[in-house]
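One-letter residues, chain by chain:
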Amino acid sequence: MQICRTVSDIRAALAGFRTEGAGVGLVPTMGALHAGHMALVSAARAAHDRVVATIFVNPTQFGQAADLDTYPRTEARDLEQLDSAGVDAVLIPEVAEIYPAGDETVVETTRLANILHGAVRPGHFRGVTTVVAKLFNICQPDAAYFGEKDYQQLHVIRRMVCDLHMPVTIRGVPTVRDTDGLALSSRNARLSRADRAAAPVLARALDAAQASGAATAEALDQVIRDTLATEPRATLTGLDIVRLPAFTPATGPLTGPVGIMISAEFGRGDDTVLLIDQREVHP
Ligand code: PAF
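Here we summarise the structure given alongside this text. Residue positions are given per chain, counted from 1 along the sequence in the order it is written. Only residues with pLDDT of at least 70 get local features here, since the model is predicted, and only at 80 or more are side-chain atom pairs given and counted; chain-wide, interface and lining totals rely on the full set of residues. As a rule here, side-chain values cover all heavy atoms of the structure and leave hydrogens and water aside.

A few words on the overall build of the protein chain. A run of H or I in DSSP becomes a helix once it reaches four residues, and a run of E becomes a strand once it reaches two; helices and strands are each numbered from the N terminus. In terms of regular secondary structure, the protein chain is built from 11 helices and 10 strands. Taken over C-alpha atoms, the radius of gyration is set against a globule rule of 2.2 Å times the number of residues to the power 0.38. The C-alpha atoms of the protein chain give a radius of gyration of 19 Å, which matches the 19 Å a tight globule of 283 residues would have. Dimensions along the principal axes, computed over C-alpha positions, put the protein chain at roughly 55 × 40 × 40 Å. To sort residues, take the accessible area from a 1.4 Å probe on protein chains only and compare it with the maximum for the residue type: under 20% means buried, over 50% means exposed, and anything in between is partly exposed. Relative to its full complement of 283 residues, the protein chain shows a buried share of 51%. By the convention used here, residues are in contact when the closest approach between their heavy atoms is within 4.5 Å. Here the analysis covers contacts within the protein chain between residues at least 6 apart in sequence; of these, 72% occur between residues at least 24 apart. In the structure as shown, the protein chain presents an accessible area of about 13,000 Å², 52% of it carried by carbon and sulfur atoms. Positive: Lys, Arg. Negative: Asp, Glu. His and the chain ends are not part of the count. Note on charges: their place is set at NZ of Lys, CZ of Arg, CG of Asp or CD of Glu. Charge separation in the protein chain, taken as the distance between the mean sites of 26 positive and 33 negative side-chain charges, equals 2 Å. The protein chains shown are the only cover counted for residues, whose accessible areas, like all others here, come from Shrake-Rupley with a 1.4 Å probe.

On to the sheet that holds strand 4 (residues 89-91), then. Sheet strands pair by backbone hydrogen bonding; their relative direction is either parallel or antiparallel. DSSP bridges decide pairing: two strands pair if at least two such bridges lie between them. If you trace the six strands from one edge of the open sheet to the other, you get 1-4-3-2-5-6, paired in parallel fashion. The sheet terminates laterally at strand 1 (2-4) and strand 6 (169-173), the two strands that pair on one side only. Strand-to-strand twist across the sheet, computed as the mean angle between neighbouring axes with direction ignored, equals 25°. Alignment of strand 3 (residues 50-55) against strand 4, held across three bridges, turns out to be parallel. Across the sheet, residue Ala 53 finds its bridge partner in strand 4, namely Val 90. Sitting on the sheet, helix 4 (residues 75-84) touches strand 1, strand 3 and strand 4, and the angle it makes with strand 3 is about 170°. Note on method: axes are straight lines fitted to C-alpha atoms, helices fitted across the in-contact stretch only, with angles between N-to-C directions ranging 0 to 180 degrees. Against the sheet, helix 8 (residues 151-163) contacts strand 5 (143-147) and strand 6, and its axis sits at roughly 170° relative to strand 6.

So, on to the packing of aromatic side chains. Think of a pair of aromatic rings as described by two things: how far the centres are apart, and how the planes are tilted against each other in angle. Note on ring pairs: Phe, Tyr and Trp rings are taken, using the six-membered ring of Trp, and paired if centres are within 6.5 Å. Classes follow the plane angle, with under 30 degrees stacked, over 60 edge-to-face and the rest tilted. One pass over the structure, following the stated rule, counts four aromatic pairs. Ring geometry for Phe 56 and Tyr 99: centres 6.3 Å apart, planes at 35°, overall tilted. Pair noted here: Phe 56 is in the loop between strand 3 and helix 3 (65-70) and Tyr 99 is in the loop between helix 5 (95-98) and helix 6 (117-120), with a separation of 43 residues, a long-range link. Seen in terms of ring centroids, Phe 136 and Phe 146 are 6.4 Å apart; in terms of plane orientation they differ by 65°. Their pairing is edge-to-face. Pair noted here: Phe 136 is in helix 7 (residues 124-139) and Phe 146 is in strand 5, with a separation of 10 residues, a long-range link. Just as Phe 136 is buried, Phe 146 falls in that class too.

Counted as salt bridges are all cases of a side-chain nitrogen of Lys or Arg within 4 Å of a carboxyl oxygen of Asp or Glu. Tallied over the full model, the rule gives 14 salt bridges. When the shortest N-O distance is used, the salt bridge between Arg 18 and Asp 142 registers 3.1 Å. Separated by 124 residues along the polypeptide, Arg 18 in helix 1 (residues 7-19) and Asp 142 in the loop between helix 7 and strand 5 bring together distant segments of the chain. Take Asp 142: its relative accessible area is 34%, and that puts it in the partly exposed class.

What follows deals with the sheet that holds strand 10 (residues 273-281). The strand order across the open sheet built from four strands is 8-7-9-10, with neighbouring strands paired in antiparallel fashion. Since the sheet does not close on itself, it has two edges, and those belong to strand 8 (248-249) and strand 10, each with one partner. When strand 7 (residues 234-243) meets strand 9 (residues 258-266), the two strands line up antiparallel, connected through nine bridges. Directly across from Leu 239, in strand 9, lies its bridge partner Ile 262. Set on the sheet, helix 11 (residues 217-229) makes contact with strand 7 and strand 9; between it and strand 7 the angle comes to about 160°.

We now examine the site of the ligand. Each residue is tested against the molecule or strand, and it is near if at least one of its non-hydrogen atoms lies within 4 Å. Neighbouring the ligand are the residues Pro 28, Thr 29, Met 30, Asn 58, Gln 61, Val 131, Phe 146, Asp 150 and Gln 153. A distance of 2.6 Å separates an oxygen atom of the ligand from a polar atom in the side chain of Gln 61. Any N or O atom pair separated by 3.5 Å or less is treated as a polar contact, with the protein-specific requirement of one donor-capable and one acceptor-capable atom, and with residues adjacent in sequence counted only for side-chain atom pairs. Take Gln 153: an N or O atom from its side chain is 2.7 Å from an oxygen atom of the ligand. Protein chains bury 90% of the 290 Å² of accessible surface belonging to the ligand in isolation. Class assignment of the residues belonging to the shell around the ligand gives a composition of four nonpolar, four polar and one charged. Here the nonpolar group is Ala, Val, Leu, Ile, Met, Phe, Trp, Tyr, Cys and Pro; Asp, Glu, Lys and Arg are the charged ones; every other residue, Gly included, is treated as polar.

Tracing the backbone shows Asp 88 in the loop between helix 4 and strand 4. Residue Asp 88 is classed as buried on the basis of its relative accessible area of 14%. A distance of 3.1 Å separates a polar atom in the side chain of Asp 88 from a polar atom in the side chain of Arg 45. Leave out the neighbours within four places in its chain, and Asp 88 touches Met 1, Gln 2, Phe 17, Arg 45, Asp 49, Arg 50 and Val 51.

In structure tokens:
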């Protein structure tokens, strides 16, 4: 696996792949890799001659400096995992490489970035689209792989690619779950033992929603709230039900597929961990 720390190094690696006539799949990550990321790599590995990954903890998508500072960084282990999974090259740049001195260009989906999770994390999705657009420009992949768990992110990136006519196919990969249903996330490692035991309530709430056969968005909302209320360690911080593919708030009778996004905090005081989960329900 070629380890590249600069834009020119990864471009040289990619130029080599292209002269072989290889198709390239890209897996953008912020490191702290777990089985969820490796599912993205496997999907890319199965579909392309060459797979490129990126590891970059993108400062512009973090609201609070504290969150950025405490984001787990496990470079050696990440590189080992990518190498054993058959990744051909990895870009692992410094911040100044991606955001050159004087950088002032941003990419933003103006509506989608500022609703739902975007409304409570101002600037987050602008940071995501800006860095993903840069990574696409740098690597020019045929396809790029993103987890369905970050559901709004996936929709935001699809919107950007469509609006800006970017020649890359976006592939969503289903959420990888632990045996008790908890969606894998780098944040799970920060949960206390008791909160880790409580956290599968998110998946249970989504299962209950799917099984409920609820006829309206309001009934679906209630099923989820009732299930979460059974777990005192979980504080619901966000629950959104949106019509697909428009991503507009769902109200009244469920006449077509909806996406459900939940976020909840576990822990107390300064030591809380925010977890998210999602499900598409087809009535
Ligand atoms: O999902 C992530 O890990 C990040 O948001 C991404 C897409 C790598 C952009 O920094």
